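# Observations on the three-dimensional arrangement
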Amino acid sequence: MTDIRNIVVLTGAGVSAKSGIPTFRTHGAVSYWEYDNPEGVRQRHRVEDVCTPEALAGDPVLVHRFYDARRAALAGVEPNAAHLALARLDAEWPGELLIVTQNVDDLHERAGARRLVHMHGELRSALCAACGARRPHAGDLPPGSVCPACGASALRPDIVFFGEMPYRMARIEAAVAEADLFVSIGTSGAVYPAAGFVQMAAHCGAATLELNLERSAGSSSFDETRLGLAGVLVPAWVEGILSVRSW
């Protein structure tokens, strides 16, 4: 296929795993975040304890400390070959491109990507629960931090918790509907609404490609699935599409 102009790329945890960003670990029916805190101590938290509105309301100290630790850990990681390849695609692709990431790290930006949206929020951002203002925030964010915009003591991590609506959905869906090619990289294919983008893209006539370490819950919906490490698959795909405009 060579007639490609508009591309949407969806990235998930598998893109950042090589950089040392922790992913979900499932033990039985329970999912955990596992990570090393700034002191190098392995931590484990149930998703329900740190990634829901109920967790924030019930134990704000735990939730804020968890995201403080994850924010601090970003200082020790760097973009990997997959991030760099997508940044190259962003810089050199002559048509429309939107990189939609489910990741809350800033590795796409640090690699140089600009045509990018974070649908699940960003670690290095704070959200005011009172007025909705967002602002960059790199350090710790204790509970009760004051919003500079409205003065309320209501700053929280700018993260889309489970049960909340992802960001920029109108823009994302419009881009998917206009895409000639939809590419999913390093995602489980199990979390909606992102898991439904491939069906939307296919319904609108786009070709669909999955690059993943293993087959995902949504692999059967793609025209093609390529298995392997993101740091190998993504640079090879980017090189190919930039050289011959073929996926």
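Residues numbered from 1 in each chain as written. Predicted model: local features only at pLDDT ≥ 70, side-chain atom pairs only at ≥ 80, totals over all residues. Heavy atoms only, no water.

### Things to note about the overall build of the protein chain
In terms of regular secondary structure, the protein chain is built from 9 helices and 12 strands. By residue count, 49% of the 247 residues in the protein chain fall in the buried class. Within the protein chain, contacts between residues separated by at least 24 positions form 61% of all contacts whose residues are at least 6 apart in sequence. As presented, the protein chain carries roughly 11,400 Å² of accessible surface, and 53% of it is formed by carbon and sulfur atoms. (Helix = DSSP H or I, 4+ residues; strand = E, 2+ residues; numbered from the N terminus. Buried < 20%, exposed > 50% of the residue type's maximum accessible area, 1.4 Å probe, protein only. Contact = heavy atoms within 4.5 Å. Areas by Shrake-Rupley, 256 points an atom, 1.4 Å probe, with all protein chains shown as cover.)

### A few points about helix H7 (residues 169-178)
Those residues of H7 lying buried are Met-169, Ile-172 and Val-176. When H7 is viewed along its axis, its buried side chains cluster within an angular range of 65 degrees and face the same direction. Seen from the buried face of H7, the exposed residues on the opposite side, beyond 90 degrees, are Ala-170 and Glu-178. (Arc of directions from axis to C-beta.)

### Overview of the packing of helix H5 (residues 81-92) against helix H9 (residues 230-244)
Packed helices, taken two at a time, are described by the angle between their axes plus the distance between the axes. As a packed pair, H5 and H9 sit with axes 7 Å apart at the nearest point and diverge in direction by 20 degrees. Relative to H9, H5 is oriented roughly parallel. Along this stretch, H5 crosses H9, giving a crossing that reads as left-handed. On H9, the residues touching Ala-81, Ala-82, Ala-85, Leu-86, Arg-88, Leu-89 and Glu-92 of H5 are Ala-230, Gly-231, Val-234, Pro-235, Trp-237, Val-238, Glu-239, Ile-241 and Leu-242. (Axes fitted to C-alpha atoms, helices over the stretch in contact; angles between N-to-C directions. Parallel < 35°, antiparallel > 145°, perpendicular 65-115°, else oblique. Left-handed = near helix turned anticlockwise from the far one by under 90°.)

### Details of the UniProt feature "binding site: NAD(+)" (unreviewed entry) in the protein chain
Mapped onto this structure's residue numbering, the UniProt feature "binding site: NAD(+)" (unreviewed entry) falls at Gln-102, Asn-103, Val-104, Asp-105, Gly-186, Thr-187, Ser-188, Asn-212, Leu-213, Glu-214 and Ala-230. Mapped onto the elements, Asn-103 comes out in the loop between strand S5 (97-101) and helix H6 (107-111). A distance of 2.9 Å separates the side chain of Asn-103 from the backbone oxygen of Gly-12, its partner in a polar contact. Here Ala-230 shows up in helix H9. Residue Ala-230 is classed as buried on the basis of its relative accessible area of 16%. Contact partners of Ala-230, with chain neighbours within four places excluded, come to Gly-14, Val-15, Ala-82 and Pro-235. (UniProt positions renumbered as here; feature names shortened; annotations may be inferred. Polar contact = N/O pair within 3.5 Å; in protein donor to acceptor, adjacent residues only side chain to side chain.)

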